[in-house]
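Now for the letters of each chain:
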Amino acid sequence: MKANKKSLIFHLLGMLFCILPPVFATLEHFPIWASKGGEVMVSALTVILLLICAIPLKRHIAKFFKSPSAWVIWLFIYIAFSLLGKISDDITAIALVAFPFNLLGAVLFKLSERYKEKPQ
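Residues numbered from 1 in each chain as written. Predicted model: local features only at pLDDT ≥ 70, side-chain atom pairs only at ≥ 80, totals over all residues. Heavy atoms only, no water.

### Brief notes about the packing of aromatic side chains
Stage number 1. Per the counting criterion, the structure on display carries two aromatic pairs.
Stage number 2. Centre to centre, the rings of Phe 10 and Tyr 115 are 5.7 Å apart; their planes meet at 20°, and the pair counts as stacked. Linking Phe 10 in helix α1 (residues 2-29) with Tyr 115 in helix α5 (residues 89-115), this pair joins segments that are 105 residues apart in sequence.
Stage number 3. Residue Phe 10 is classed as partly exposed on the basis of its relative accessible area of 21%. (Phe/Tyr/Trp six-rings, centres within 6.5 Å; stacked < 30°, edge-to-face > 60°. Helix = DSSP H or I, 4+ residues; strand = E, 2+ residues; numbered from the N terminus. Buried < 20%, exposed > 50% of the residue type's maximum accessible area, 1.4 Å probe, protein only.)

Right under this line is the structure:
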């Protein structure tokens, strides 16, 4: 039972590190509500970035993928947008925050698997 508690703690910490820092960075750089003309609308770019932030959660719930690899996506985004220059400074900043936290989350997920009790 003790191993299961460690596994659960590492798994929950992995989720928190993979999801919350990128969400906060996204919302800091891109407001969810944008105004166009006199009309208020939801920013599509913000929604897309928030969906990327939720990849580890989606993978966990769906159980389709074996390990979360959102950190790979964030690393790719960081490299791609840092090459594009000024246009993507905000996205680069988000990816720079998201990448290390998702990498740490991936390590925590691996630790969670290590401490999970095997059925006998």
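### Some thoughts on the confidence of the model for the protein chain
Stage number 1. Looking at the protein chain, the pLDDT average stands at 76 and 71% of residues meet or exceed 70.
Stage number 2. The secondary-structure element of the protein chain with the lowest mean pLDDT is strand β2 (residues 39-42), recorded at 60, while α5 shows the highest, at 88. (pLDDT = per-residue confidence, 0-100.)

### Remarks on the nonpolar core
Stage number 1. Ranked by size, the top nonpolar core spans 18 residues in total, and within it Trp 74, Ile 77 and Ile 94 carry the most contacts.
Stage number 2. At the level of elements, α1, α2 (44-53), α4 (70-84) and α5 are the ones that each hand at least two residues to this core.
Stage number 3. When near neighbours in sequence (up to four residues on either side) are disregarded, Ile 94 contacts Pro 22, Ala 25, Thr 26, His 29, Phe 30, Leu 49 and Trp 74. (Core = buried A, V, L, I, M, F, W, Y, C linked by side-chain atoms within 4.5 Å. Contact = heavy atoms within 4.5 Å.)

### Focus: the environment of Ile 94
Stage number 1. Its location among the elements puts Ile 94 in helix α5.
Stage number 2. Judged by relative accessible area, Ile 94 falls into the buried class, the value being 0%.
Stage number 3. C-alpha separation for the pair Ile 94 and Tyr 78, spaced 16 residues apart in sequence, amounts to 8.2 Å.

### A closer look at the packing of α1 against α5
Angle between the axes and distance between the axes are the two parameters that describe a pair of packed helices.
Stage number 1. Between α1 and α5, the least distance of the axes is 7 Å, while the angle of their chain directions is 175°. By the criterion of interaxial angle, the relationship of α1 to α5 is roughly antiparallel.
Stage number 2. Of the residues belonging to the contact of α1 with α5, the class tally is 20 nonpolar, nine polar and three charged. (Axes fitted to C-alpha atoms, helices over the stretch in contact; angles between N-to-C directions. Parallel < 35°, antiparallel > 145°, perpendicular 65-115°, else oblique. Nonpolar A, V, L, I, M, F, W, Y, C, P; charged D, E, K, R; others polar.)

### Thoughts on the pattern of salt bridges
Pairs may arise between side chains of opposite charge once their charged atoms sit close together.
Stage number 1. Evaluated as defined, the whole model comprises one salt bridge.
Stage number 2. For Glu 113, the salt bridge is made with Lys 116, and the minimal N-O distance between the two is 3.3 Å.
Stage number 3. Its relative accessible area of 43% is what places Glu 113 among the partly exposed residues. (Salt bridge = Lys/Arg side-chain N within 4 Å of Asp/Glu carboxyl O.)

### Considerations on the packing of α1 against α2
Stage number 1. Relative to each other, α1 and α2 sit at 165°, their axes nearing to 9 Å. Comparing their axes, α2 and α1 come out roughly antiparallel. The chirality of how α1 crosses α2 is right-handed. Packed against α1, whose contacting residues are Cys 18, Ile 19, Pro 22, Val 23, Thr 26 and Leu 27, the element α2 presents Thr 46, Leu 49, Leu 50 and Cys 53 at the interface.
Stage number 2. Tallied by class, the residues present in the contact of α1 with α2 amount to eight nonpolar, two polar and no charged. (Left-handed = near helix turned anticlockwise from the far one by under 90°.)

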